[in-house]
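Geometric and topological summary
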Amino acid sequence: MIRGVWSVRISMFWEWISPYSWASYVARVFSCPWIPRSYCSMKYFVILVSCTIVVFLASIHWQRPVENQIKGEISEARSDMKLLSPEKYKSLFTYNGIWPAPKNQCECTKADHQPVYQLEDYIDKKDLPLMKERRQREFEHYQKRYPLMTQDLVIAKPNMPLSYPIQGVEVMPLHTIMIPGLGLHGVTEEKYQVILRASLGTLNTLADVSEDVVSGRGKKELLILTSDVELLNFILEHVTYTSVVYQLTAVDMMSFESKQHVAQFPVIIRQPSLPKLFDPGADRKISSLVTITTKTFLRYHKLRILIKSIRQYYPDIKIIVADDSEVPEKIDGENVEHYIMPFGKGWFAGRNLAISQVTTKYYLWVDDDFLFTENTKIEKLLDVLERTNLDVVGGSVNGNTYKFQLLYEQGDDSGCLHLRFGSFHRLEGFPNCVVTSGVVNFFLAHTDKSRQVGYDPLLQRIGHPEFFEDGLGILLVSSCTDVSISHQDRKPASEPNLTKVEDQYKRFRTNTQAQIKFKLSLHYFKNRLKCYSR
């Protein structure tokens, strides 16, 4: 009898713990239909705990190889996740002896017998602290006038359902545009909510919908609320932006938000300048396109030889002469404009005066002791500028192109400028030309662009690379070897009066240590440079 009762209860137990019954195990623990009631709670509580322990231990056993595998993969990946050494990094990205990578501080290191100038060494120590303060104050004012166009870094989020313009949205001050490309895709919601925010403009939409759907029209925050995604995208397609602050150049970082996502994109506010066009005439003669300019001081015998050589090849072209001689002489000749300056006013002041009077699209700069030859083909230089976006193209003087690169590094408190002779690369379409930063004193240039850069009148005696240094980031320059000009004979004059003139000229033109110190201190303040190497 007892055996029969326990066999029934054992069969009931196996039925109870069968896979079919596991789902209801917890509920059955306390029903215990196969044993006496007094044993129910204790016995099956033990069974429950035992089964839990078994499952837990089994899971640890099964999980451990997987965890070990994952840990091994992570450990292996981390052993590979290392950066190049600083030495290797620098060797990969060095250009012409310079390491042009972002850094807090730049430096000028001496290499290959290149002179290095630490500019603070050329300023009186007692003047340096106040000069630093003045320079910083002027630099901060400069930054306000010329703000950077890409101040904010924007990183696109992965798998974003928002569509928006990444670049190319531009509006003139106080003008209105439609913002292209706005939309919400691949998201299903009971109620869609989108918010657009601006800081320098106001937002609206051309969609004719109620205020319950669109609120904030004409303000800096536009809220769209609808359950219809098609209507939402229709409204977004017709969102407008109105610039409300008059600035020549600014960036408004727009915010575009849904319930789950946020995106940012720039709206560029830019006031375009009016074109300044030069009429070359119906015949487009070279005399209608180019004016020859020069600066003279005392050496009228050299100037007259230059003008005579010009007239041999270009009889009709206009010549402009800036003259700061103490006793000016009359310069005869048709189509020659002679402008008199105060005595000894200087080299760059004369250049400024000369190009200020140019009325043609281009000017050709020459020194007053140059000599035109059959290889002085202005037409070739003109062809380069007419067919490219270049601003300046130089030739050679007796085979010397004097082309050089300017490499600029920015630091937190100052910059470093490096002059290296040579060029960057060939100019496409012109096998005899290269792209560079500066050229010899024989070049053809766009008149308006040179006026924009200007020639610093503080440089009175010696100055040439300084024009291209001030034009860095503004002027695009090329040098060509197939156009040349000659230099007049540099032998001492045999006539006593000319010998006296040349001696006086040398006293004014010879570079001095005082002039070198002045130029380097000028670089320190004006160009906010720490050092200069060449």
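This report concerns the structure included in the present document. Just so you know, these numbers come straight off a predicted model, no measurement behind them. (Residues numbered from 1 in each chain as written. Predicted model: local features only at pLDDT ≥ 70, side-chain atom pairs only at ≥ 80, totals over all residues. Heavy atoms only, no water.)

**Things to note about the pattern of salt bridges**
Inspection of the entire model under this criterion finds 18 salt bridges. Note that R299 and D369 form a salt bridge whose closest N and O atoms lie 3.6 Å from each other. Residue R299 is found in the loop between β13 (290-296) and α8 (300-313), and its partner D369 is found in the loop between β16 (362-365) and β17 (370-371); the two are separated by 70 residues along the sequence. Each member of the pair, R299 together with D369, is buried. Of the charged contacts in the structure, one is a salt bridge between K526 and D456, with a shortest N-O distance of 2.8 Å. Of this pair, K526 sits in helix α14 (residues 513-526) while D456 is found in the loop between α11 (447-453) and α12 (465-470), placing the two residues 70 residues apart along the sequence. Residue class for K526 comes out partly exposed when judged on its relative accessible area of 34%. By relative accessible area, which is 12% here, D456 ends up buried. Here the salt bridges do not stand alone but share partners, grouping R197, E221 and E257 into one network. (Salt bridge = Lys/Arg side-chain N within 4 Å of Asp/Glu carboxyl O. Helix = DSSP H or I, 4+ residues; strand = E, 2+ residues; numbered from the N terminus. Buried < 20%, exposed > 50% of the residue type's maximum accessible area, 1.4 Å probe, protein only.)

**A closer look at the sheet that holds strand β1 (residues 116-118)**
Read across the sheet, 4 strands follow the order β1-β25-β20-β19 without closing on themselves; strand pairing throughout is mixed. The open sheet is flanked by β1 and β19 (404-410), the only strands paired with a single partner. Averaged over all pairs of adjacent strands, the angle between their axes in this sheet comes to 15°, without regard to strand direction. With 3 bridges joining them, β1 and strand β25 (residues 529-533) adopt antiparallel strand pairing. Among the inter-strand pairings, Y117 is bridged to a residue of β25, identified as Y532. (Pairing = 2+ DSSP bridges. Axes fitted to C-alpha atoms, helices over the stretch in contact; angles between N-to-C directions.)

**Describing the state of the cysteines**
Summed over all chains, the structure comprises 3 disulfides. The disulfide partner of C106 is C416, and the S-S distance across this bridge is 2.0 Å. Every disulfide takes its handedness from the sign of the S-S torsion; for C106 and C416 that torsion is 90°, giving right-handed. Here C106, found in the loop between α4 (86-92) and β1, pairs with C416, found in strand β20 (residues 415-421); they are 310 residues apart in sequence, far enough to count as distant. For C106, a relative accessible area of 1% translates into the label buried. Classification of C416 as buried rests on a relative accessible area of 0%. Covalent S-S linkage joins C433 and C480, the inter-sulfur distance amounting to 2.0 Å. Judged by the sign of its S-S torsion, about 110°, the cystine formed by C433 and C480 is right-handed. You can see C433 sitting in strand β22 (residues 430-436) and its partner C480 sitting in strand β24 (residues 477-487), a full 47 residues away along the chain. (Disulfide = S-S within 2.5 Å.)

**Quick word on the sheet that holds strand β12 (residues 262-270)**
With mixed pairing, the 6 strands of this open sheet are ordered in space as β3-β12-β11-β6-β9-β8. In this open sheet, the two edge strands, each paired with only one partner strand, are β3 (170-171) and β8 (214-215). Here strand β6 (residues 192-197) runs beside strand β11 (residues 249-257); their pairing, made up of 3 bridges, is antiparallel. Each bridged residue has a counterpart across the sheet, and for L196 the counterpart in β11 is F256.

Honestly, it's all geometry; don't read function into it.
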